[in-house]
Amino acid sequence: MLAVENLQTVFHTDKETVRAVEGITFEVREGETVGIVGESGSGKSVTARSIMGLVDAPGRIGDDSSIEFRGRELTGMTENEYREVRGSGIAMVFQDPLTSLNPVYTVGNQIKETLRVHQGIRGDAADEAAIDLLESVSIPDARRRLDEYPHQFSGGMRQRVVIAMALACDPELLICDEPTTALDVTIQAQILELLQELQEERNLSIIFITHDMGVIAEISDWVNVMYAGEIAESGPVGEIFENPAHPYTEGLLKSIPGRFPDETYLRTIDGDVPTPTESPTDCRFHPRCPKKFDACEEVHPAPVDVESGRGGHQAACLLYPDGLTREAAVKEHERQMEDSDTEADDE
Ligand code: SF4
């Protein structure tokens, strides 16, 4: 359904160029949930906004980037063309429902406006469709609540309203950018359950963005672990949790609260995510990596199969592929990076 290839999103300012997303490639299939996980500053939200065509100046998507949705190339579309895709094909749910809802209009008005703009539904039909949508996200007494304002809803209920508004576009792909981060854990579990029910009912594909590995385990079929604008590791969710390959993923898994109940302190990954201003010539994780070795400061790792027969499990780390000597593995990464540089030059 969605194929993102070599996506580069760069922000040029007077002072510097921030390379927020650096050549990432992934796919989303029909009815599948792809989780994107990483710390703040890893490029998750910029990836989502790039797919939605919502990167504002001074941000820019690189010329060699491709985002194909249902066979249509989205990069280079005009704003009007993009609006049509956002209206019917792809919808987005943001972290803070209050930023998606207008405080001076009733919830009913806002859902009906979305129905009118994107599906041409008006009048009584819009009233009924809005009630159906609120009921589909399990908001009780939907007819009465249409006339209420966002501030009259609790945080969890507001997020349900935002999901209803996204569904009013009848999307095939829903991008959820940290939709449960501002909610407490019980409400978070309810929203995750709701998304799974809606996915089954509507055969929705979902991209779910979060910094929380626990949430990823609950909802994803496939996981992309992002670090400093790149995909550090990707694979089926079970494989990533049972056999994490990249030291960054290992660090994220070890820092899940409750993972080591006998320890007094929560484990963390020392240091911060860097803000990349140059194309990488090394492993961007090396200043924080407990397994780094000399080559990590000189060779940029390419995504490689961790081991053959592992269902597409890949890691961008010089320790892989498994089964090669360290020297041979580093050579394999150098060869892959040279090949991709040559391809880019040819294009
Ligand atoms: S390439 Fe080196 S520094 Fe980077 S994650 Fe692998 S071992 Fe660590």
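It should be emphasised that the depicted structure is a prediction, and the values quoted were computed from it without experimental measurement. (Residues numbered from 1 in each chain as written. Predicted model: local features only at pLDDT ≥ 70, side-chain atom pairs only at ≥ 80, totals over all residues. Heavy atoms only, no water.)

Novice: An account of the sheet that holds strand β7 (residues 90-93) is needed here, citing residue identities and associated values.
Specialist: Pairing within the open sheet is mixed, and its 8 strands lie in the order β7-β8-β9-β3-β10-β11-β13-β12. Of all strands in the sheet, those bounded by a partner on one side alone are β7 and β12 (304-305). One ladder, built from 5 bridges, connects strand β8 (residues 173-177) with strand β9 (residues 205-210); its direction is parallel. Opposite I175, over in β9, you have I207 as the bridge partner. Contacting β7 and β8, helix α7 (residues 155-167) crosses the sheet at an angle of about 170° to β7. (Pairing = 2+ DSSP bridges. Helix = DSSP H or I, 4+ residues; strand = E, 2+ residues; numbered from the N terminus. Contact = heavy atoms within 4.5 Å. Axes fitted to C-alpha atoms, helices over the stretch in contact; angles between N-to-C directions.)

Novice: Quick one: what's the story with the layout of surface pockets, residue by residue and with numbers?
Specialist: Counted as a void, the largest pocket has a volume near 1300 Å³. Lining the largest pocket are 45 residues, with N6, G23, T25, P303 and S340 positioned closest to its centre. Listed by contribution, the elements that provide at least two residues to the lining of the largest pocket are β1 (2-12), β2 (17-28), β10 (222-227), β11 (230-236), β13 (314-315) and α12 (326-346). Element by element, the count of residues in the lining of the largest pocket is highest for α12, at 8 residues. Residues of the lining of the largest pocket, tallied by class, amount to 17 nonpolar, 13 polar and 15 charged. Looking at the second largest pocket, its volume works out to about 450 Å³. Taken together, 19 residues line the second largest pocket, and the ones lying closest to its centre are M92, T114, H118, M165 and C169. Sorting the residues of the lining of the second largest pocket by element identifies α2 (79-88), β7, α4 (107-119) and α7 as the ones contributing at least two each. (1 Å grid on protein atoms, 1.4 Å probe; cavity = no way out; pocket = protein on both sides within 12 Å on 5 of 7 lines; lining within 4 Å. Points joined across faces, edges and corners; volume = space filled by probe spheres on them. Nonpolar A, V, L, I, M, F, W, Y, C, P; charged D, E, K, R; others polar.)

Novice: Describe the site of the ligand, listing the residues and the values that go with them.
Specialist: Around the ligand, a shell composed of H246, P247, C283, F285, H286, C289, K291, K292, C296, C317, L318 and L319 is seen. When the residues that make up the shell around the ligand are grouped by side-chain class, the tally is 8 nonpolar, 2 polar and 2 charged. (Near = heavy atom within 4 Å.)

Novice: Now, about the pairing of β10: what can you tell me, with residues and values included?
Specialist: The element β10 is extensively covered by neighbouring structure, given that 6 of its 6 residues are classed as buried. Of the two faces of β10, the one holding W222, N224 and M226 and the one holding V223, V225 and Y227 are both buried throughout. Judged from the 6 bridges that link them, β10 and β11 form a sheet pairing that is antiparallel. Note on β11: the bridge partner recorded for V225 is E233. A loop of 2 residues connects β10 with β11, the two strands running antiparallel in sequence, and A228 in this loop sits at a positive phi of about 50°. (Buried < 20%, exposed > 50% of the residue type's maximum accessible area, 1.4 Å probe, protein only.)

Novice: Residues and numbers for the pattern of salt bridges, please.
Specialist: Here the structure, examined in full by the defined rule, presents 21 salt bridges. For the salt bridge of D339 with R335, the shortest nitrogen-to-oxygen distance reads 3.0 Å. With D339 and R335 both in helix α12, this residue pair falls 4 residues apart, about one helical turn. For R335, a relative accessible area of 40% puts it in the partly exposed group. Overlapping salt bridges bring together D141, R144, R145 and E148 as one network. (Salt bridge = Lys/Arg side-chain N within 4 Å of Asp/Glu carboxyl O.)

Novice: Can you explain the nonpolar core? Please cite residues and give values.
Specialist: Grouped together as the largest cluster of nonpolar side chains are 37 residues, with contacts concentrated most on I111, L134, V137, I163, L174, L195 and F208. Elements that contribute at least two residues to this core include exactly β7, α4, α5 (123-136), α7, β8, α8 (185-202), β9 and α9 (213-219). The biggest single contributor to this core is α7, with 7 residues. If sequence neighbours within four positions are ignored, V137 has contacts with R160, I163, A164, L167, L194 and L198. Counting residues in hydrophobic clusters, the runner-up holds 30 residues, among them V21, V28, I67 and F69. (Core = buried A, V, L, I, M, F, W, Y, C linked by side-chain atoms within 4.5 Å.)

Novice: I'd like a rundown of the environment of D221, residues and numbers included.
Specialist: Within the fold, D221 resides in the loop between α9 and β10. Spatially, the C-alpha atoms of D221 and G35 are 7.5 Å apart, while their sequence positions differ by 186 residues. Discounting residues that sit within four places of it in the chain, D221 has contacts with G31, E32, T33, P236 and V237. Engagement of the side chain of D221 in a polar contact is seen with the backbone nitrogen of T33, the distance being 2.8 Å. (Polar contact = N/O pair within 3.5 Å; in protein donor to acceptor, adjacent residues only side chain to side chain.)

Novice: How would you sum up the state of the cysteines? Please name residues and give values.
Specialist: A full pass over the atoms with the stated rule returns 0 disulfides. Between C176, a cysteine without a disulfide, and C169, which holds the nearest cysteine sulfur, the sulfur-to-sulfur distance is 13 Å. (Disulfide = S-S within 2.5 Å.)

Novice: Can you tell me about the environment of A217, naming the residues and giving the values?
Specialist: Mapped onto the elements of the fold, A217 is located in helix α9. On the basis of relative accessible area, A217 is assigned to the partly exposed category, the value being 39%. A sequence separation of 23 residues divides A217 from I240, and the C-alpha atoms of the two residues are 9.5 Å apart. Not counting the four nearest positions on each side in its chain, A217 is found in contact with V237 and F241.

Novice: So what about the pairing of β7? Which residues, and what values?
Specialist: Across the two faces of β7 the burial is the same, with I90 and M92 and A91 and V93 all buried. Of the pairings in the sheet, the one linking β7 to β8 comprises 4 bridges and is parallel in character. Among the inter-strand pairings, I90 is bridged to a residue of β8, identified as L173.

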